[in-house]
Amino acid sequence: MSRKSFLATTLAAVTGCALAVPFAASAQTTASATAAPYVDMSNSQVDMLHQAITGAGLKSFSAAFVTGSGCDQIWGDTLPIGKDPKVDGEIEKARSEGASPIISTGGASGLPLAWTCTDQQAIQKGYQQIIDTYKVNQLDFDIEGAAQNDTAAAARNMKAVKALKSSNPDLKVSVTLPVLPDGLTQDGLKPVQAAKDAGVRIDIVNIMAMDYNQGNQDMGKAATSAAQATLKQIQGIDSGYGNANIGITPMIGTNDDNSTFTMDNAKSVAGWAKSNQVGRLSFWSLNRDKACDSAARASSTCSGVAQSPLDFTKAFTG
(Lines give C-alpha, C1' and ligand atoms only; values in the text may rest on other atoms or scores of the structure.)
Protein backbone atom coordinates (compact mmCIF):
# COMPACT_ATOMS: atom_id res chain seq x y z
CA MET A 1 0.00 0.00 0.00
CA SER A 2 2.72 2.46 -0.96
CA ARG A 3 -0.12 3.93 -3.01
CA LYS A 4 1.46 4.25 -6.37
CA SER A 5 -1.20 4.03 -9.00
CA PHE A 6 -3.18 0.84 -8.70
CA LEU A 7 -6.08 2.67 -10.27
CA ALA A 8 -5.98 1.03 -13.66
CA THR A 9 -7.13 -2.18 -12.03
CA THR A 10 -9.66 -0.57 -9.69
CA LEU A 11 -11.53 1.50 -12.25
CA ALA A 12 -13.24 -1.51 -13.75
CA ALA A 13 -17.03 -1.59 -13.59
CA VAL A 14 -18.35 -2.15 -10.07
CA THR A 15 -21.32 -4.14 -8.89
CA GLY A 16 -24.48 -2.02 -8.81
CA CYS A 17 -25.32 -0.96 -5.25
CA ALA A 18 -28.31 0.74 -3.70
CA LEU A 19 -26.62 3.12 -1.29
CA ALA A 20 -29.95 3.99 0.28
CA VAL A 21 -29.91 0.59 2.03
CA PRO A 22 -29.12 1.22 5.72
CA PHE A 23 -25.84 0.01 7.18
CA ALA A 24 -27.23 -3.24 8.51
CA ALA A 25 -27.09 -4.26 12.15
CA SER A 26 -25.24 -7.45 13.02
CA ALA A 27 -24.94 -9.81 15.95
CA GLN A 28 -21.19 -9.40 15.55
CA THR A 29 -21.11 -5.65 16.17
CA THR A 30 -18.72 -4.11 18.66
CA ALA A 31 -18.87 -0.99 20.80
CA SER A 32 -16.62 1.00 18.48
CA ALA A 33 -14.15 0.53 15.67
CA THR A 34 -10.62 -0.55 16.51
CA ALA A 35 -8.13 2.09 15.34
CA ALA A 36 -5.20 0.30 13.70
CA PRO A 37 -3.31 2.57 11.28
CA TYR A 38 -0.73 1.09 8.96
CA VAL A 39 2.91 1.56 9.86
CA ASP A 40 5.50 1.17 7.10
CA MET A 41 8.08 -0.75 9.10
CA SER A 42 10.77 0.09 6.51
CA ASN A 43 10.11 3.83 6.77
CA SER A 44 12.44 6.26 8.56
CA GLN A 45 9.46 7.69 10.48
CA VAL A 46 8.64 4.43 12.27
CA ASP A 47 9.45 6.06 15.64
CA MET A 48 6.12 7.87 15.28
CA LEU A 49 4.54 4.55 16.23
CA HIS A 50 5.87 4.88 19.75
CA GLN A 51 4.83 8.51 19.96
CA ALA A 52 1.32 7.49 18.92
CA ILE A 53 1.16 4.73 21.54
CA THR A 54 2.46 6.82 24.40
CA GLY A 55 0.91 10.17 23.43
CA ALA A 56 -2.19 9.51 21.33
CA GLY A 57 -3.77 6.47 22.91
CA LEU A 58 -3.03 4.07 20.06
CA LYS A 59 -3.77 0.48 21.10
CA SER A 60 -3.36 -1.37 17.80
CA PHE A 61 -1.43 -0.98 14.54
CA SER A 62 -0.97 -2.77 11.23
CA ALA A 63 2.70 -3.57 10.64
CA ALA A 64 3.41 -3.43 6.87
CA PHE A 65 4.50 -5.25 4.85
CA VAL A 66 5.56 -8.89 4.89
CA THR A 67 5.81 -10.16 1.31
CA GLY A 68 6.16 -13.57 -0.24
CA SER A 69 9.50 -14.48 -1.83
CA GLY A 70 8.97 -17.88 -3.40
CA CYS A 71 7.93 -19.99 -0.42
CA ASP A 72 9.74 -17.71 2.05
CA GLN A 73 8.58 -14.43 3.61
CA ILE A 74 10.48 -11.18 4.00
CA TRP A 75 9.84 -7.69 5.29
CA GLY A 76 9.86 -4.74 2.92
CA ASP A 77 13.51 -4.14 3.70
CA THR A 78 14.16 -7.67 2.34
CA LEU A 79 15.17 -9.28 5.66
CA PRO A 80 13.38 -12.53 6.65
CA ILE A 81 10.61 -12.47 9.23
CA GLY A 82 11.99 -13.26 12.66
CA LYS A 83 15.47 -12.24 11.52
CA ASP A 84 15.00 -8.50 11.07
CA PRO A 85 16.45 -6.89 14.21
CA LYS A 86 15.03 -3.44 13.45
CA VAL A 87 11.48 -4.47 12.60
CA ASP A 88 11.30 -7.23 15.20
CA GLY A 89 12.57 -4.83 17.84
CA GLU A 90 10.06 -2.13 16.90
CA ILE A 91 7.16 -4.56 17.13
CA GLU A 92 8.29 -5.89 20.48
CA LYS A 93 8.79 -2.35 21.82
CA ALA A 94 5.28 -1.38 20.69
CA ARG A 95 3.81 -4.43 22.40
CA SER A 96 5.65 -3.60 25.62
CA GLU A 97 4.09 -0.12 25.46
CA GLY A 98 0.59 -1.59 25.24
CA ALA A 99 -0.21 -1.79 21.51
CA SER A 100 -1.25 -4.99 19.73
CA PRO A 101 0.26 -5.61 16.29
CA ILE A 102 -1.59 -6.82 13.22
CA ILE A 103 0.86 -8.24 10.68
CA SER A 104 -0.02 -7.19 7.14
CA THR A 105 1.21 -9.11 4.12
CA GLY A 106 1.20 -8.05 0.48
CA GLY A 107 0.68 -4.37 -0.42
CA ALA A 108 0.95 -2.37 -3.64
CA SER A 109 4.51 -3.55 -4.31
CA GLY A 110 4.36 -7.07 -2.92
CA LEU A 111 2.25 -10.20 -2.63
CA PRO A 112 1.14 -12.47 0.22
CA LEU A 113 2.77 -15.88 0.36
CA ALA A 114 -0.12 -17.72 -1.32
CA TRP A 115 0.53 -15.64 -4.45
CA THR A 116 4.24 -16.50 -4.66
CA CYS A 117 4.15 -20.11 -3.47
CA THR A 118 1.97 -22.99 -4.70
CA ASP A 119 2.89 -25.46 -1.94
CA GLN A 120 -0.20 -25.50 0.28
CA GLN A 121 1.65 -26.91 3.27
CA ALA A 122 4.41 -24.30 2.97
CA ILE A 123 1.82 -21.49 2.77
CA GLN A 124 0.09 -22.59 5.95
CA LYS A 125 3.44 -23.12 7.67
CA GLY A 126 4.59 -19.66 6.60
CA TYR A 127 1.54 -17.90 7.99
CA GLN A 128 1.81 -19.92 11.19
CA GLN A 129 5.42 -18.75 11.46
CA ILE A 130 4.20 -15.13 11.48
CA ILE A 131 1.70 -15.95 14.24
CA ASP A 132 4.32 -17.74 16.34
CA THR A 133 7.17 -15.31 15.73
CA TYR A 134 5.24 -12.14 16.54
CA LYS A 135 2.73 -13.66 18.98
CA VAL A 136 -0.18 -12.17 17.07
CA ASN A 137 -3.79 -13.20 16.65
CA GLN A 138 -4.51 -10.95 13.66
CA LEU A 139 -3.28 -11.27 10.07
CA ASP A 140 -4.06 -8.86 7.25
CA PHE A 141 -3.84 -9.74 3.55
CA ASP A 142 -3.44 -6.63 1.39
CA ILE A 143 -4.40 -7.74 -2.11
CA GLU A 144 -4.08 -5.19 -4.90
CA GLY A 145 -3.84 -4.88 -8.66
CA ALA A 146 -3.70 -8.07 -10.72
CA ALA A 147 -3.40 -10.16 -7.55
CA GLN A 148 -7.14 -9.73 -6.99
CA ASN A 149 -7.80 -11.66 -10.20
CA ASP A 150 -5.59 -14.63 -9.28
CA THR A 151 -8.34 -16.96 -8.15
CA ALA A 152 -6.00 -19.93 -7.70
CA ALA A 153 -3.85 -17.96 -5.27
CA ALA A 154 -6.92 -16.68 -3.43
CA ALA A 155 -8.17 -20.25 -3.09
CA ARG A 156 -4.80 -21.34 -1.64
CA ASN A 157 -4.86 -18.39 0.73
CA MET A 158 -8.34 -19.07 2.07
CA LYS A 159 -7.68 -22.80 2.39
CA ALA A 160 -4.70 -21.89 4.57
CA VAL A 161 -6.80 -19.38 6.53
CA LYS A 162 -9.41 -22.03 7.28
CA ALA A 163 -6.76 -24.43 8.59
CA LEU A 164 -5.08 -21.67 10.61
CA LYS A 165 -8.37 -20.67 12.23
CA SER A 166 -8.89 -24.28 13.23
CA SER A 167 -5.47 -24.53 14.89
CA ASN A 168 -5.52 -20.92 16.24
CA PRO A 169 -9.09 -20.38 17.55
CA ASP A 170 -8.53 -16.71 18.40
CA LEU A 171 -7.15 -15.82 14.96
CA LYS A 172 -8.79 -12.88 13.16
CA VAL A 173 -8.15 -12.32 9.47
CA SER A 174 -8.66 -9.18 7.41
CA VAL A 175 -8.50 -8.76 3.64
CA THR A 176 -7.61 -5.24 2.45
CA LEU A 177 -8.90 -4.34 -1.00
CA PRO A 178 -9.05 -1.29 -3.32
CA VAL A 179 -12.47 0.33 -3.54
CA LEU A 180 -14.40 3.07 -5.30
CA PRO A 181 -17.19 5.14 -3.72
CA ASP A 182 -19.57 2.64 -5.39
CA GLY A 183 -17.93 -0.33 -3.69
CA LEU A 184 -15.53 -3.13 -4.58
CA THR A 185 -14.77 -3.95 -8.18
CA GLN A 186 -15.66 -7.36 -9.60
CA ASP A 187 -12.01 -8.37 -9.11
CA GLY A 188 -12.15 -7.13 -5.53
CA LEU A 189 -15.04 -9.45 -4.80
CA LYS A 190 -13.05 -12.53 -5.85
CA PRO A 191 -11.05 -12.90 -2.59
CA VAL A 192 -14.33 -12.63 -0.65
CA GLN A 193 -15.87 -15.32 -2.85
CA ALA A 194 -12.77 -17.47 -2.32
CA ALA A 195 -13.37 -17.32 1.43
CA LYS A 196 -16.98 -18.41 0.93
CA ASP A 197 -15.86 -21.28 -1.29
CA ALA A 198 -13.33 -22.37 1.35
CA GLY A 199 -15.97 -22.34 4.07
CA VAL A 200 -14.53 -19.45 6.04
CA ARG A 201 -15.75 -15.93 6.80
CA ILE A 202 -13.34 -12.99 6.64
CA ASP A 203 -13.35 -11.11 9.94
CA ILE A 204 -12.69 -7.70 8.38
CA VAL A 205 -13.14 -6.71 4.74
CA ASN A 206 -10.99 -3.59 4.88
CA ILE A 207 -11.56 -1.07 2.09
CA MET A 208 -8.85 1.30 0.85
CA ALA A 209 -10.97 4.46 0.65
CA MET A 210 -8.45 6.49 -1.34
CA ASP A 211 -7.06 7.33 -4.77
CA TYR A 212 -10.36 7.08 -6.65
CA ASN A 213 -8.96 9.12 -9.54
CA GLN A 214 -12.33 10.86 -9.81
CA GLY A 215 -11.20 14.37 -8.91
CA ASN A 216 -11.20 16.02 -5.51
CA GLN A 217 -14.47 15.27 -3.73
CA ASP A 218 -15.70 15.01 -0.16
CA MET A 219 -13.44 12.12 0.78
CA GLY A 220 -15.28 11.53 4.04
CA LYS A 221 -18.60 10.97 2.29
CA ALA A 222 -16.87 8.88 -0.37
CA ALA A 223 -15.44 6.61 2.35
CA THR A 224 -18.75 6.04 4.08
CA SER A 225 -20.52 5.47 0.75
CA ALA A 226 -17.87 2.91 -0.16
CA ALA A 227 -18.37 1.16 3.19
CA GLN A 228 -22.14 0.96 2.72
CA ALA A 229 -21.77 -0.35 -0.82
CA THR A 230 -19.14 -2.90 0.19
CA LEU A 231 -21.30 -4.29 2.97
CA LYS A 232 -24.18 -4.83 0.59
CA GLN A 233 -21.87 -6.52 -1.91
CA ILE A 234 -20.30 -8.96 0.54
CA GLN A 235 -23.70 -9.77 2.03
CA GLY A 236 -24.62 -10.88 -1.48
CA ILE A 237 -21.89 -13.51 -1.12
CA ASP A 238 -22.50 -14.37 2.54
CA SER A 239 -25.51 -12.94 4.37
CA GLY A 240 -23.71 -13.41 7.68
CA TYR A 241 -21.50 -10.38 7.12
CA GLY A 242 -22.35 -7.27 9.14
CA ASN A 243 -21.02 -3.92 10.26
CA ALA A 244 -18.32 -5.47 12.43
CA ASN A 245 -16.87 -7.13 9.32
CA ILE A 246 -16.13 -3.80 7.61
CA GLY A 247 -12.89 -1.83 7.91
CA ILE A 248 -12.25 1.64 6.46
CA THR A 249 -8.75 2.77 5.47
CA PRO A 250 -8.34 6.24 3.90
CA MET A 251 -5.04 7.81 2.88
CA ILE A 252 -4.62 10.81 5.14
CA GLY A 253 -3.91 14.21 3.64
CA THR A 254 -2.96 14.41 -0.03
CA ASN A 255 -3.69 11.24 -1.97
CA ASP A 256 -1.68 10.04 -4.96
CA ASP A 257 -4.44 11.33 -7.27
CA ASN A 258 -4.21 14.79 -5.61
CA SER A 259 -7.53 14.45 -3.82
CA THR A 260 -7.40 15.37 -0.14
CA PHE A 261 -8.62 13.52 2.94
CA THR A 262 -8.89 16.35 5.47
CA MET A 263 -8.96 16.49 9.24
CA ASP A 264 -12.70 17.20 9.06
CA ASN A 265 -13.06 14.09 6.91
CA ALA A 266 -11.20 12.08 9.53
CA LYS A 267 -13.50 13.27 12.30
CA SER A 268 -16.63 12.59 10.27
CA VAL A 269 -15.53 9.10 9.24
CA ALA A 270 -14.47 8.23 12.80
CA GLY A 271 -17.84 9.40 14.14
CA TRP A 272 -19.74 7.53 11.46
CA ALA A 273 -17.73 4.34 12.06
CA LYS A 274 -18.39 4.49 15.78
CA SER A 275 -22.12 5.14 15.45
CA ASN A 276 -22.45 2.32 12.91
CA GLN A 277 -20.22 -0.05 14.91
CA VAL A 278 -17.73 -0.65 12.11
CA GLY A 279 -15.09 -3.23 12.94
CA ARG A 280 -11.87 -1.36 12.14
CA LEU A 281 -10.60 2.13 11.34
CA SER A 282 -7.20 2.43 9.77
CA PHE A 283 -5.28 4.82 7.53
CA TRP A 284 -2.22 4.99 5.34
CA SER A 285 -0.04 5.69 7.12
CA LEU A 286 1.09 6.57 10.62
CA ASN A 287 4.46 7.55 9.12
CA ARG A 288 2.70 10.39 7.24
CA ASP A 289 0.79 11.81 10.23
CA LYS A 290 2.57 15.16 10.33
CA ALA A 291 2.81 18.27 8.16
CA CYS A 292 5.38 18.52 5.40
CA ASP A 293 8.17 21.09 5.42
CA SER A 294 7.08 24.23 3.59
CA ALA A 295 9.09 23.30 0.49
CA ALA A 296 8.04 19.66 0.47
CA ARG A 297 5.14 18.01 -1.27
CA ALA A 298 3.18 15.16 0.25
CA SER A 299 5.30 12.04 0.58
CA SER A 300 5.62 8.82 2.53
CA THR A 301 6.83 10.87 5.51
CA CYS A 302 4.23 13.67 5.65
CA SER A 303 0.57 14.33 4.87
CA GLY A 304 0.67 17.43 2.67
CA VAL A 305 -1.92 19.26 4.80
CA ALA A 306 -1.62 21.68 7.71
CA GLN A 307 -1.66 19.70 10.95
CA SER A 308 0.14 18.99 14.18
CA PRO A 309 1.91 15.65 14.55
CA LEU A 310 -0.47 12.70 15.09
CA ASP A 311 -3.66 14.76 14.57
CA PHE A 312 -5.16 12.06 12.36
CA THR A 313 -4.24 9.35 14.87
CA LYS A 314 -5.96 11.30 17.64
CA ALA A 315 -9.06 11.78 15.49
CA PHE A 316 -9.28 8.04 14.92
CA THR A 317 -8.51 6.97 18.48
CA GLY A 318 -10.98 9.50 19.83
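Our subject is the structure listed above.
The structure displayed is predicted, hence computed values, not measured ones.

Engineer: Would you explain the overall build of the chain in this entry?
Structural biologist: For the chain, the count of helices and strands is 10 helices and 12 strands. Split into buried and exposed, the 318 residues of the chain put 58% on the buried side. When contacts within the chain are restricted to residue pairs at least 6 apart in sequence, long-range pairs at least 24 apart make up 79% of them. Summed over all atoms, the accessible surface of the chain reaches about 12,200 Å², with 49% contributed by carbon and sulfur.

Engineer: Looking at this structure, I do not really get the pattern of salt bridges. What am I missing?
Structural biologist: Side chains carrying opposite charge are able to pair once their charged atoms draw close together. Summed over all chains, the structure comprises four salt bridges. Across the pair Arg 95 and Glu 92 runs a salt bridge whose closest N-O atoms are separated by 3.2 Å. Separated by three residues within a single helix, Arg 95 and Glu 92 lie in helix 3 (residues 85-96), roughly one turn from each other. Here Glu 92 falls in the partly exposed class, since its relative accessible area comes to 40%. Its salt-bridge partner being Arg 201, residue Asp 238 comes within 3.1 Å of it at the nearest N-O pair.

Engineer: What is the right way to read the packing of aromatic side chains from this model?
Structural biologist: Centre-to-centre distance and the angle between the planes together describe a pair of aromatic rings. In total, this model carries seven aromatic pairs according to the counting rule given. A ring pair is formed by Phe 65 and Trp 284, whose centres lie 5.7 Å apart and whose planes are at 15°; its orientation type is stacked. Taken together, the positions of Phe 65 in strand 3 (residues 60-69) and Trp 284 in the loop between strand 12 (280-281) and helix 10 (311-317) put the pair 219 residues apart, joining distant regions of the chain. When its relative accessible area of 6% is taken as the criterion, Trp 284 is described as buried. When the centroid spacing of 5.9 Å and the interplanar angle of 75° are considered together, the rings of Trp 75 and Tyr 134 count as edge-to-face. Taken together, the residues Trp 75 in strand 4 (residues 72-75) and Tyr 134 in helix 5 (residues 120-134) connect sequence positions 59 residues apart. A relative accessible area of 3% places Tyr 134 in the buried class.

Engineer: Looking at this structure, I do not really get the packing of helix 7 (residues 186-198) against helix 8 (residues 219-237). What am I missing?
Structural biologist: The description of two helices packed together rests on the angle between their axes and the distance between the axes. Helix 8 packs onto helix 7 with a crossing angle of 35° between their chain directions and a minimal axis gap of 10 Å. Like other packed secondary-structure pairs, helix 7 and helix 8 cross with a definite hand, here right-handed. Here Leu 189, Val 192, Gln 193 and Lys 196 of helix 7 come into contact with helix 8, specifically with Gln 233, Ile 234 and Ile 237. Among the residues forming the contact of helix 7 with helix 8, the class breakdown is four nonpolar, two polar and one charged.

Engineer: Sorry, what's going on with the state of the cysteines here?
Structural biologist: Here, the word disulfide means a covalent bond between the sulfur atoms of two cysteines. Scanning the entire structure with this criterion turns up two disulfides. Put simply, Cys 71 and Cys 117 are joined by a disulfide, and their sulfur atoms are 1.9 Å apart. Given an S-S torsion of about 85°, the disulfide between Cys 71 and Cys 117 has right-handed geometry. Taken together, the residues Cys 71 in the loop between strand 3 and strand 4 and Cys 117 in the loop between helix 4 (113-116) and helix 5 connect sequence positions 46 residues apart. On the basis of relative accessibility, which here comes to 40%, the residue Cys 71 falls in the partly exposed class. The exposure class assigned to Cys 117 is buried, which follows from its relative accessible area of 1%. Covalent S-S linkage joins Cys 292 and Cys 302, the inter-sulfur distance amounting to 2.0 Å. Handedness here is read from the sign of the S-S torsion; for Cys 292 and Cys 302, about 90°, the answer is right-handed. Within this pair, whereas Cys 292 is found in the loop between strand 12 and helix 10, its partner Cys 302 is found in the loop between strand 12 and helix 10, the two being separated by 10 residues in sequence. Accessibility classification places Cys 292 together with Cys 302 in one group, the buried group.

Engineer: Is there a simple way to explain the nonpolar core in this structure?
Structural biologist: Ranked by size, the top nonpolar core spans 87 residues in total, and within it Trp 75, Ile 103, Tyr 127 and Ile 248 carry the most contacts. For this core, the element with the most residues is helix 8, which contributes eight residues. When near neighbours in sequence (up to four residues on either side) are disregarded, Ile 103 contacts Ala 63, Val 66, Trp 75, Ile 91, Ile 130, Tyr 134, Val 136, Gln 138, Leu 139 and Asp 140. Counting residues in hydrophobic clusters, the runner-up holds seven residues, among them Ala 64, Phe 65, Met 251 and Trp 284.

Engineer: What's the story with the environment of Leu 281 in this structure? I'm lost.
Structural biologist: Structurally, Leu 281 can be placed in strand 12. Along the primary structure Leu 281 and Pro 250 are separated by 31 residues, whereas in three dimensions their C-alpha atoms are 8.8 Å apart. Apart from residues no more than four positions distant in its own chain, Leu 281 is found in contact with Ala 33, Thr 34, Ala 35, Ala 36, Pro 37, Ile 248, Val 269, Ala 270, Ala 273 and Phe 316.

Engineer: Hey, could you run me through the pairing of strand 4 in this one?
Structural biologist: Each regular strand displays side chains that alternate between the two surfaces of the sheet. Both strand 3 and strand 4 contribute to a ladder of four bridges, which runs antiparallel. Following the sheet pairing, Gly 68 is matched in strand 4 by Gln 73. Hairpin connection of strand 3 to strand 4: two residues between the antiparallel strands, including Gly 70 at a positive phi of 65°.

Engineer: Mind showing me how you'd approach helix 9 (residues 263-275) here?
Structural biologist: Note that an α-helix has 3.6 residues per turn; residues three or four places apart therefore point the same way. Here helix 9 is 13 residues long and its end C-alpha atoms lie 18 Å apart, about the 18 Å a rise of 1.5 Å per residue gives. Looking at the buried residues of helix 9, the elements they touch are helix 8, strand 9 (246-250), strand 11 (260-261), strand 12 and helix 10. Where helix 9 begins, the capping side chain belongs to Thr 262, and its oxygen is found 3.4 Å from the backbone nitrogen of Asp 264. Of the residues flanking the end of helix 9, it is Gln 277, one or two places downstream, whose phi is positive at about 55°.

Cut-off values and rules
- Residues numbered from 1 in each chain as written.
- Predicted model: local features only at pLDDT ≥ 70, side-chain atom pairs only at ≥ 80, totals over all residues.
- Heavy atoms only, no water.
- Helix = DSSP H or I, 4+ residues; strand = E, 2+ residues; numbered from the N terminus.
- Buried < 20%, exposed > 50% of the residue type's maximum accessible area, 1.4 Å probe, protein only.
- Contact = heavy atoms within 4.5 Å.
- Areas by Shrake-Rupley, 256 points an atom, 1.4 Å probe, with all protein chains shown as cover.
- Salt bridge = Lys/Arg side-chain N within 4 Å of Asp/Glu carboxyl O.
- Phe/Tyr/Trp six-rings, centres within 6.5 Å; stacked < 30°, edge-to-face > 60°.
- Axes fitted to C-alpha atoms, helices over the stretch in contact; angles between N-to-C directions.
- Left-handed = near helix turned anticlockwise from the far one by under 90°.
- Nonpolar A, V, L, I, M, F, W, Y, C, P; charged D, E, K, R; others polar.
- Disulfide = S-S within 2.5 Å.
- Core = buried A, V, L, I, M, F, W, Y, C linked by side-chain atoms within 4.5 Å.
- Pairing = 2+ DSSP bridges.
- Expected span 1.5 Å × (residues − 1).
- Polar contact = N/O pair within 3.5 Å; in protein donor to acceptor, adjacent residues only side chain to side chain.

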